[in-house]
Amino acid sequence: MFLMFLHLCVVLSCALRSSLSKNQLGVEGAKIVAEVLPDIASLTECNLRNNSLGVEGWTIIFNALRDSPTSKITTWDLSYERLGPEIAKPLAEYISVTA
């Protein structure tokens, strides 16, 4: 039930203001975000800062968007995610097909 609620919150937040910052979504939340974001073709900015998504969560999101023909997100806020060099490859792969 909680995951269904989280899924709805992600959809509404992305559709209305594209900000899901400071929600501590974690990897499970990243999976839901990755499922929803590719379907919101009008979204160009996304603020997911301070959510403890980590490299695993961000990799899930970037891979889902990389494979989406409708993704148009050009601005990201990854602040306070404590990402290291491990995120460089998934991010570069995402950028290489969407830029």
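Basis of the calculations
- Residues numbered from 1 in each chain as written.
- Predicted model: local features only at pLDDT ≥ 70, side-chain atom pairs only at ≥ 80, totals over all residues.
- Heavy atoms only, no water.
- Helix = DSSP H or I, 4+ residues; strand = E, 2+ residues; numbered from the N terminus.
- Buried < 20%, exposed > 50% of the residue type's maximum accessible area, 1.4 Å probe, protein only.
- Contact = heavy atoms within 4.5 Å.
- Expected span 1.5 Å × (residues − 1).
- Arc of directions from axis to C-beta.
- Core = buried A, V, L, I, M, F, W, Y, C linked by side-chain atoms within 4.5 Å.

Caption draft 1: Inspection of the overall build of the protein chain at higher detail. Along the backbone of the protein chain there are 4 helices and 2 strands. The helix and strand sequence of the protein chain, counted from the amino end, reads α-α-β-α-β-α. Taking all 99 residues of the protein chain together, the buried fraction comes to 36%. Counting only contacts in the protein chain whose residues sit at least 6 apart along the sequence, the fraction spanning at least 24 positions is 77%.

Caption draft 2: Quick peek at helix α3 (residues 54-66). The first and last C-alpha atoms of α3 sit 18 Å apart over 13 residues, in line with the 18 Å expected at 1.5 Å per residue. Listed in full, the buried residues belonging to α3 are Gly57, Trp58, Ile61, Phe62 and Leu65. One face of α3 carries all of its buried residues, which in axial projection span an arc of 125°. Contacts made by the buried residues of α3 are with α2 (26-36), β2 (75-77) and α4 (88-98).

Caption draft 3: The nonpolar core, seen in detail. Core analysis: the biggest nonpolar cluster contains 20 residues, and Val33, Leu37, Leu48, Leu53, Trp58, Ile61 and Ile73 have the highest contact counts within it. At the level of elements, α2 and α3 are the ones that each hand at least two residues to this core. When residues of this core are assigned to their parent elements, the largest contribution, 5 residues, is made by α2. Contacts of Leu48, omitting those with residues within four sequence positions, involve Leu20, Ser21, Leu25, Val33, Leu53, Trp58, Ile61, Trp76, Asp77 and Glu81.

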